[in-house]
Each structure stands twice: as C-alpha cells, then as structure tokens.
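As a plain string of letters, each chain reads:
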Amino acid sequence: EIEKDKLSYNELIRILKQCDIKQFLYTIEFFPEEGRYHFDGHRACGIVFEPKTTIKHKGICPKCRRPLTIGVEYRVEELADREVGYVPNNKPGYKRLIELDKIIAQAMGVKGRKTKTVLNVYWDMIKKLKNELFILLDVSLAELKNTHIDSRVIEGIRRVREGDLYINPGYDGVYGEIRIFKDAEVEKRPGATKVPRGQKSLF
C-alpha cells in the first residue's frame, strides 16, 4: 500500500492500468450468486441447475420437458478457456462481503435489516469501530470481543471472512440467497424468529 498523501490521480490510474499487485491488493465484491439469473432453472418446477447439469439434460427441464431459463453462469461456462477455480498469476485478488446490517439481522434472527434492533447494534458498532468496511475486513475478532459486540454478530463476521456460508444461487427470476447460519442455529436463540427461505435449495 502507498501513503494516502502520495496517492495522486495519475498514480492511481497507473496502479489500476498496470495491475500493480503490490498496491492494488484486491477488489471488494458482493456474491454473484445473489443475482436472479445466476444459474439455470424453472421457477414453477422448482428446478435449479449449474451449467454442467443443464448440459447433461440438454437444456430441458426434467419435470415439464420445456427449455430451461438459462442463467449468466451458463454463458460464462461457454466462453471460459480454463477450469473453475483457476487463479491467474500477478493479478489482484478479491474479497466478497455481506453487508453489516444483513449479518446482524441473520445473527440475531431478525427478519428485517432496517428494524430498530438491527439499527441499534449497527450504529453502536460504527460508533465504536470507525466504519463498516473496517469492521468487515480489518478489525480483529479479539478487538470486537473487547468492545462488547454481541458474540453472535462476531461469529457472523468470522464466517463471512472465511466464506463459511450457505449459498442458494438465483435462477429464473428468483433472487439467490446467502445465509450465514442454519435455521436451527437461529431458532435456538431466545426470542429469535425464523427467517423465511425465499427459494428451494440447490441440492
């Protein structure tokens, strides 16, 4: 990383164009699986396939025998010249995040991200720990514990950082779902309410 006072506009452009991985460390992204047309499938039939399974079924829904609605990942597979998981050398990495208020809501078993319960915890954390990106990426778990952050929220942040998540990709107009906790984990908590699932699981 370079010092902020030395980061001129021209230097920033150079770093981006040259992909200087000593200073262009990573991008910050959301999960593409949340998109409504990530995988292939049929909403009415409850069918959702990854591209290789779609190809195996020749693009036809096994229930209604009509063509599946093809998703973005299928097109990526068509254009790909390398296997899934390939990591190029000398390229910046990336980190995928879940918004802090969503982590809090799931950790506390609350349905709405904008409820008073969630917002109170959110703004208390911002007040204590600078800003959302710092909390999601940089602050240590030990520091979170020392600032008396709810242990469930700390566990949620840890799981997001490590990619320990439950992912149901979107398909045929249905938004994908990224879950941090299983329903049973939420239901065991005092006063928690079950967060409804928006779609069938991939498996």
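Worth saying up front: this structure is predicted, and the values here are computed from it rather than measured.

Reading guide: rules and limits
Residues numbered from 1 in each chain as written. Predicted model: local features only at pLDDT ≥ 70, side-chain atom pairs only at ≥ 80, totals over all residues. Heavy atoms only, no water. Helix = DSSP H or I, 4+ residues; strand = E, 2+ residues; numbered from the N terminus. Buried < 20%, exposed > 50% of the residue type's maximum accessible area, 1.4 Å probe, protein only. Contact = heavy atoms within 4.5 Å. Phe/Tyr/Trp six-rings, centres within 6.5 Å; stacked < 30°, edge-to-face > 60°. Lys NZ or Arg CZ within 6 Å of the ring centre and 35° of its normal. Disulfide = S-S within 2.5 Å. Polar contact = N/O pair within 3.5 Å; in protein donor to acceptor, adjacent residues only side chain to side chain. pLDDT = per-residue confidence, 0-100. Core = buried A, V, L, I, M, F, W, Y, C linked by side-chain atoms within 4.5 Å. Expected span 1.5 Å × (residues − 1). Axes fitted to C-alpha atoms, helices over the stretch in contact; angles between N-to-C directions. Parallel < 35°, antiparallel > 145°, perpendicular 65-115°, else oblique. Left-handed = near helix turned anticlockwise from the far one by under 90°. Nonpolar A, V, L, I, M, F, W, Y, C, P; charged D, E, K, R; others polar.

Participant: So what's going on with the environment of Ile103? Which residues, and what values?
Facilitator: If you trace the backbone, Ile103 turns up in helix α4 (residues 100-108). On the accessibility criterion, Ile103 (0% relative accessible area) is buried. Taking the C-alpha atoms as reference, Ile103 lies 8.8 Å from Arg113; in sequence the two are 10 residues apart. Not counting chain neighbours up to four residues away, the residues in contact with Ile103 comprise Ile98, Leu136, Val153, Gly156, Ile157, Val160 and Ile180.

Participant: For the packing of aromatic side chains, give the residues involved together with the corresponding values.
Facilitator: Evaluation of the coordinates by the stated rule reveals one aromatic pair. Residues Tyr122 and Trp123 carry aromatic rings whose centres are separated by 5.0 Å and whose planes lie at 90° to one another, so their mutual orientation is edge-to-face. The class for Tyr122 is buried, based on a relative accessible area of 14%. Taking relative accessible area as the criterion, Trp123 reaches 53% and is therefore assigned exposed. Seen from the ring of Tyr26, Lys95 lies directly overhead, with NZ or CZ sitting 4.4 Å from the centre.

Participant: Now, about the environment of Trp123: what can you tell me, with residues and values included?
Facilitator: You can see Trp123 is positioned in helix α5 (residues 116-129). Between the C-alpha atoms of Trp123 and Asp101, which are 22 residues apart in sequence, the distance is 9.6 Å.

Participant: Before we move on, can you summarise the state of the cysteines with the specific residues and values?
Facilitator: Enumeration according to the criterion identifies zero disulfides in this entry. The thiol of Cys45 is unpaired, and the distance to the nearest cysteine sulfur, on Cys61, comes to 3.7 Å. For Cys45, a relative accessible area of 14% corresponds to the buried category. Counting only cysteine sulfurs, Cys61 is the nearest neighbor of Cys64, a cysteine outside any disulfide, at a range of 3.8 Å.

Participant: Provide a residue-level description of the side chain of Gln106, including the pertinent values.
Facilitator: Topologically, Gln106 is positioned in helix α4. In this structure the side chain of Gln106 is engaged in a polar contact, spanning 2.8 Å, whose partner is the backbone nitrogen of Ile180.

Participant: Summarise the confidence of the model for the protein chain; cite the residues concerned and give the values.
Facilitator: Overall, the predicted model of the protein chain reaches an average pLDDT of 87, with 87% of residues at or above 70. Summarising per-element confidence for the protein chain, the mean pLDDT is lowest in helix α9 (residues 183-187) (63) and highest in strand β2 (residues 40-42) (97). Every residue in residues 189-203 is under pLDDT 50, and counting partners more than four places away or in other chains gives 42 contacts.

Participant: Explain the nonpolar core residue by residue, including any values.
Facilitator: Of all hydrophobic cores here, the largest spans 30 residues; its most connected members are Leu100, Ile104 and Met125. Within the residue set of this core, elements represented by two or more residues are α4, α5, α6 (132-138) and α8 (151-162). Look past the residues within four positions of Ile104 in its chain and what remains in contact with it is Val118, Val121, Tyr122, Met125 and Val153. If you look at the next biggest cluster of nonpolar residues, it comprises five residues, including Cys45, Ile47, Cys61 and Leu68.

Participant: Now, about α5: what can you tell me, with residues and values included?
Facilitator: Compared with an ideal rise of 1.5 Å per residue, which puts 14 residues at 20 Å, α5 spans 20 Å between its outermost C-alpha atoms and is within 8% of the ideal. Residue Lys130 follows α5 closely and has a positive phi angle near 75°.

Participant: Describe the packing of α4 against α8, listing the residues and the values that go with them.
Facilitator: One can describe the packing of α4 onto α8 by two numbers: an axis separation of 9 Å at closest approach and a directional angle of 125°. In terms of orientation, α4 and α8 fall into the oblique class. Once α4 is placed against α8, the crossing between them reads as right-handed. Of the residues in α8, those touching α4 at Leu100, Ile103, Ile104, Ala107 and Met108 are Arg152, Val153, Gly156, Ile157 and Val160. Looking at the contact of α4 with α8 residue by residue, the classes come out as eight nonpolar, one polar and one charged.

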